[in-house]
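Residue strings, one per chain:
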Amino acid sequence: MDKNVVVTGGNQGVGLGLVKELLKNDQVGKVLATTRSPSTSHELLLIIDSRLEVVEMDADSDESINSAVQQISKAVGSYGIDFLINNAGVLHPVDINAPINRKEAMKNFEVNCVATMAVTYAFKELLKAGAKKSGHSQVVNISSLLGSISRTWGSVPPRQGRAEYVHEDDRN
Ligand SMILES: NC(=O)c1ccc[n+]([C@@H]2O[C@H](COP(=O)([O-])OP(=O)(O)OC[C@H]3O[C@@H](n4cnc5c(N)ncnc54)[C@H](OP(=O)(O)O)[C@@H]3O)[C@@H](O)[C@H]2O)c1
């Protein structure tokens, strides 16, 4: 049975790449690509494929998330969704050698962690419907080496202005 997939932040970068690859797969049913600004998501709008639906969603706003869920519910009906790919994310670098910009630092947590949890919760019923249809549904959280606790500092080349700590594994 065709799989319905939601990709958050599907208008650029990794998300747009995922959307394009998913649409090459004929086992994929609908691809629901979210973006904060459909009208300026030019690359997404250029894709001609009836399986693609562009959905406005700002993951920082519960109201926006809920209206995205409503739009997607209408698009997929009782089939629900099979995959929720939490791809939307931000990277506001924090320089430990300079005064901390609290607002920017917190944005990393708000978008990458809190918003991801809020989005996942909001899509729960659609995921349940997908699981009822095909036995299981999945949430895929796109992370980054930069978010790794065990690999912190060791495997990523130091950046300018970044404190350089050497991971124990890399000392030898
Ligand atoms: N690029 C890499 O090398 C790399 C490596 C490892 C992991 N990743 C991970 O891959 C994911 C995508 O990265 P990327 O490099 O493709 O980033 P990107 O090009 O900056 O795209 C980020 C996407 O997230 C969306 N977004 C940001 N804040 C949002 C919000 N509040 N609500 C809804 N959407 C929001 C953006 O929408 P707008 O266009 O509206 O801003 C955009 O679509 C991230 O989770 C990142 O951690 C990337």
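A quick note: this is a predicted structure, and the numbers were derived from the prediction, not measured.

Criteria and cut-off values
- Residues numbered from 1 in each chain as written.
- Predicted model: local features only at pLDDT ≥ 70, side-chain atom pairs only at ≥ 80, totals over all residues.
- Heavy atoms only, no water.
- Buried < 20%, exposed > 50% of the residue type's maximum accessible area, 1.4 Å probe, protein only.
- Helix = DSSP H or I, 4+ residues; strand = E, 2+ residues; numbered from the N terminus.
- Pairing = 2+ DSSP bridges.
- Right-handed = clockwise from strand over helix to strand, strands pointing away.
- Near = heavy atom within 4 Å.
- Polar contact = N/O pair within 3.5 Å; in protein donor to acceptor, adjacent residues only side chain to side chain.
- Areas by Shrake-Rupley, 256 points an atom, 1.4 Å probe, with all protein chains shown as cover.
- Contact = heavy atoms within 4.5 Å.

### Observations concerning the pairing of strand β2 (residues 28-35)
In terms of burial, β2 is largely enclosed, as seven of its eight residues are buried. Note: strand β1 (residues 3-7) against β2, four bridges, orientation parallel. Along β2, the bridge assignment pairs K3 with V28. At this point the chain moves from β1, through helix α1 (residues 13-23), to the parallel β2, and the crossover so formed is right-handed. In the sheet, β2 pairs with strand β3 (residues 52-56) via five bridges, with the strands oriented parallel.

### Considering the site of the ligand
Every one of the 18 residues lining the ligand counts as a neighbour, but N11, Q12, V14, R36 and A59 are closest to it. Here an oxygen atom of the ligand sits 2.8 Å away from a polar atom, N or O, in the side chain of Q12. Within the contact set of the ligand, a nitrogen atom lies 3.3 Å away from a side-chain nitrogen or oxygen of D60. Protein contacts shield 69% of the accessible area of the ligand, which totals 890 Å² for the unbound molecule.

### A few points about the side chain of T116
Position of T116 relative to the elements: it lies in helix α4 (residues 102-122). At 2.9 Å, the side chain of T116 forms a polar contact with the backbone oxygen of N112. Those residues in contact with T116 that sit more than four places away from it in its chain are N86, V111 and N141.

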